[in-house]
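As a plain string of letters, each chain reads:
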Amino acid sequence: MKKFNTIIAFTIVCIVMSISSNAQDITTLQLQGLYAGTNLHPGIRLDKKLNIAIGDIAVSLGTGGKPFDQFISQNSNGTYYADRDKLGYLTKQNQDLFYNNRINTVGLSILLKDFHLMIGHTIRTKFDAQYSTDLLELATRGNAEYIGKTLNLGPNINLINYHEINLGAQKSWGGLTIGARANILFGNAAVYTEKSKLDLTTRDEYYQLDLDTDFLMHSSSVIDYNSIDSIDTNLDLNSAKNLFKNNSGFGLDLGASYKIGDKISLSAGITDIGKITWDTNAKSYSSNGKYSYEGIDIIPLIEDDSTKYDLEDTLKNLLKIKEIGGNFSTTLSANYILSGSFKLSDKWTFHGLIVSNGGFKLRRNQLSLAAVRTISIVDLGLQYMMSDAGDFDNLGITVRVNAGPVKIYGGFESIFAVGNPFSSNYASGRIGLACQF
């Protein structure tokens, strides 16, 4: 179906864009001492009186289901589509997608007496989605093979894009450093799926369709729904139009680190405690009930775009969606961090990181290990990451150039994703510039 192929193509474009942006949390751990290192949590010790960060950009994206090349193909026109020959018959499950970016436009820390005071501005995007394998199978095969069965078609889509004004401080007592950062939040755009039940049953007599729904989606400045065939979307993210004005919220980051001699450093932190209240262009869309439609066969609608059947008219009669007013809130979903570093010599340093990254309905737990080799003014890192999503082939590299007070750094999480991004479950990267005095 053309619309389904459009969705697939859009998703793949997002993956390519995220991979080209490039790095991951353990890369932040390798930036200890710099302002960018406190992005992991504010208890990571700063080692100079004045630290400046400019344009630190971190992006990560992945899927908890099959890699895209296991069920997506490309035709001669360059269009991506769900390939039924590749798809096979999936075990009933949810496919997961997630995307996060963090753009630190500017950050500054200064040592005043015993405290490092920190201030900065950050643009954040958090996205995750779940869709049932039933949706993929219906889109590629139609409903003939599922007569008498119920398919779960309800997508669970969640997105927040917002600005942070960061105000923090850290203090050290010997080897112990404790830090806290308050984040004043201003939301730009949001989609939040509170309920996602949309069950379709095809009865075995005359292909009658039964739809059982309990669906509730909230939106701020993203979705404007008029009818099935009239849905306007706005993906103009990172705008500053609501900065200091609308969709306000508050966040808190906490952390502590401890140095054992000159070789070992341990740390723990919790970040993104808080929420945003969305009060600008806030709309909610609800469908709750059981609806039936007699005698419709949707197989031709899936297989042949030129069919005379009108699926949109059918859905308008079958799916009852109404707009309800009112503001809504979204939590930031906290992240939990444990890390350790061991400096073997002036040339070799080893890092380990355990992170539980929060999402709306998804939580991603991962373990990362890294070895860094110092060669003159260059630090070269090799890192490995695995997660509970089942991806164990994420081997990445990092580079940091220490040109006096100027530090330039970058890297990416999976070298395999660079050569063939659609065969990977995960891609992540970071790039930035820092100064220390």
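What comes next concerns the included structure. Within each chain, residue numbers correspond to sequence positions counted from 1 in written order. Per-residue local features are limited, in this predicted model, to residues with pLDDT of at least 70; the limit for side-chain atom pairs, both in listing and counting, is 80 or more; totals at the level of whole chains, interfaces and linings are taken over all residues. The side-chain figures draw on all heavy atoms in the structure; neither hydrogens nor water molecules are used.

## Describing the pairing of strand S20 (residues 378-387)
Phase 1: Only protein chains enter the area calculation, which uses a 1.4 Å probe; residues under 20% of their type maximum are buried, those over 50% are exposed, and those in between are partly exposed. Runs of H or I in DSSP of at least four residues are treated as helices and runs of E of at least two as strands, each being numbered from the N terminus. With burial as the criterion, only one face of S20 is covered, namely that bearing Asp-379, Gly-381, Gln-383, Met-385 and Ser-387; the residues Val-378, Leu-380, Leu-382, Tyr-384 and Met-386 on the opposite face remain uncovered.
Phase 2: Any two strands with at least two DSSP-identified bridges between them are counted as paired. Pairing of strand S19 (residues 363-375) with S20, which is carried by 10 bridges, proceeds in the antiparallel orientation. In the sheet register, Ala-370 faces S20, and the bridge partner there is Gln-383.
Phase 3: Two strands pair when backbone bridges link them, and S20 and strand S21 (residues 394-403) are joined in this way by 8 bridges, in the antiparallel orientation. Counted as the bridge partner of Gln-383 is Gly-396 from S21.

## Notes on the pairing of strand S17 (residues 335-343)
When a strand is regular, its side chains alternate between the sheet's two faces.
Phase 1: Pairing analysis gives 8 bridges linking strand S13 (residues 264-278) to S17, with the strands arranged antiparallel. Among the inter-strand pairings, Ala-268 is bridged to a residue of S17, identified as Leu-338.
Phase 2: Linking S17 to strand S18 (residues 348-358), which pair antiparallel, is a turn of 4 residues.

## Observations regarding the packing of aromatic side chains
Phase 1: Planes of paired rings set the category: under 30 degrees apart is stacked, over 60 is edge-to-face and the rest tilted, where pairs are Phe, Tyr or Trp rings (Trp by its six-membered ring) whose centres lie within 6.5 Å. Applying the stated criterion to the full structure yields 5 aromatic pairs.
Phase 2: Arranged with centres 6.1 Å apart and planes meeting at 10 degrees, the rings of Trp-348 and Phe-350 form a pair that is stacked.
Phase 3: Between the NZ or CZ atom of Lys-171 and the centre of the ring of Phe-115, over which it lies, the distance is 5.1 Å. Geometrically, a lysine NZ or arginine CZ counts as sitting over a ring once it is within 6 Å of the ring centre and also within 35 degrees of the ring normal.

## Considering the layout of surface pockets
To find leftover empty space, a probe the size of one water molecule is rolled over the atoms.
Phase 1: Definitions used throughout: a 1 Å grid over protein atoms alone; a cavity as a set of points that fits a 1.4 Å probe which cannot get out; a pocket as an open set with protein on both sides within 12 Å along at least five of seven lines; a lining residue as one with an atom within 4 Å of a point. Grid points are joined across faces, edges and corners, and a volume is the space filled by probe spheres set on the points. For the second largest pocket, the calculated volume is near 870 Å³.
Phase 2: Surrounding the second largest pocket, 35 residues form its lining, Gln-32, Asp-47, Lys-343, Thr-349 and Arg-400 being those nearest its centre.
Phase 3: At 4 residues, S21 tops the list of elements feeding residues into the lining of the second largest pocket.
Phase 4: Under the convention adopted here, Pro, Cys and the residues Ala, Val, Leu, Ile, Met, Phe, Trp and Tyr are nonpolar, Asp, Glu, Lys and Arg are charged, and Gly plus all remaining residues are polar. Residues of the lining of the second largest pocket, tallied by class, amount to 8 nonpolar, 16 polar and 11 charged.

## Points about a nonpolar patch on the surface
Phase 1: Patches in this entry comprise residues that are over 30% relatively accessible and not in a salt bridge; like charges within 9 Å are linked, as are nonpolar side chains (Val, Leu, Ile, Met, Phe, Trp, Tyr) within 5 Å. Computed with the Shrake-Rupley method and a 1.4 Å probe, the accessible areas treat only the protein chains shown as cover for residues. Any carboxyl oxygen of Asp or Glu within 4 Å of a side-chain nitrogen of Lys or Arg constitutes a salt bridge here. A contiguous nonpolar patch, built from Trp-173, Leu-176, Ile-178, Tyr-258, Ile-260, Ile-264, Leu-266, Phe-342, Leu-344, Trp-348 and Phe-350 and spanning about 960 Å² of accessible area, is present on the exposed surface.
Phase 2: Mapped onto the nonpolar patch, the elements with two or more residues apiece are strand S8 (176-202), strand S12 (248-260), S13 and S18.
Phase 3: Relative to the elements of secondary structure, Ile-260 occurs in strand S12.

## Re the nonpolar core
Phase 1: The biggest cluster of nonpolar side chains holds 10 residues, and these are Ile-160, Tyr-162, Leu-185, Ala-190, Ile-276, Trp-278, Ala-282, Phe-328, Leu-332 and Phe-360.
Phase 2: Of all the secondary structure elements, the ones that give two or more residues to this core are strand S7 (156-173), S8 and S13.
Phase 3: Any two residues whose heavy atoms approach within 4.5 Å are treated as being in contact. Those residues within four positions of Leu-332 in sequence are excluded, and the remaining contacts are Lys-126, Ile-160, Tyr-162, Leu-185, Gly-251, Asp-272, Ile-273, Gly-274, Lys-275 and Ile-276. Grouping buried Ala, Val, Leu, Ile, Met, Phe, Trp, Tyr and Cys residues that are joined through side-chain atoms within 4.5 Å yields what is termed a nonpolar core.

## Digging into empty space enclosed by the protein
Phase 1: Of the voids in this model, the second largest cavity is the one considered here, and its volume is about 30 Å³.
Phase 2: Around the second largest cavity, the lining residues are Asn-188, Ala-189, Ser-221, Asn-234, Asp-236 and Lys-241.
Phase 3: For the lining of the second largest cavity, the residue count by class is 1 nonpolar, 3 polar and 2 charged.

## Considering the environment of Tyr-293
Phase 1: Mapped onto the elements of the fold, Tyr-293 is located in strand S14 (residues 282-293).
Phase 2: With relative accessibility at 29%, the residue Tyr-293 sits in the partly exposed group.
Phase 3: Considering only alpha carbons, one finds Tyr-293 and Asp-210, 83 residues apart in sequence, at a separation of 6.5 Å.

## Concerning the side chain of Lys-171
Phase 1: For Lys-171, the location among the structural elements is in strand S7.
Phase 2: Taking relative accessible area as the criterion, Lys-171 reaches 16% and is therefore assigned buried.
Phase 3: Setting aside chain neighbours within four positions, we find Lys-171 in contact with Asp-114, Phe-115, Leu-176, Thr-177 and Ile-178.

## Points about the pattern of salt bridges
Phase 1: Across all of its chains, the model carries 9 salt bridges by this definition.
Phase 2: A salt bridge links Asp-56 to Arg-430, with the nearest nitrogen and oxygen atoms 2.6 Å apart. Here the residue Asp-56 occupies a position in strand S1 (residues 50-63), and Arg-430 occupies one in strand S23 (residues 426-436), the gap between them amounting to 374 residues. Residue Asp-56 shares its accessibility class with Arg-430, and that shared class is buried.
Phase 3: The salt bridge partner of Asp-214 is Lys-195, with a shortest N-O separation of 4.0 Å. Of the two residues, Asp-214 sits in strand S9 (residues 209-220) while Lys-195 sits in strand S8, which places them 19 residues apart along the sequence.
Phase 4: Assessed through its relative accessible area of 37%, Lys-195 is described here as partly exposed.

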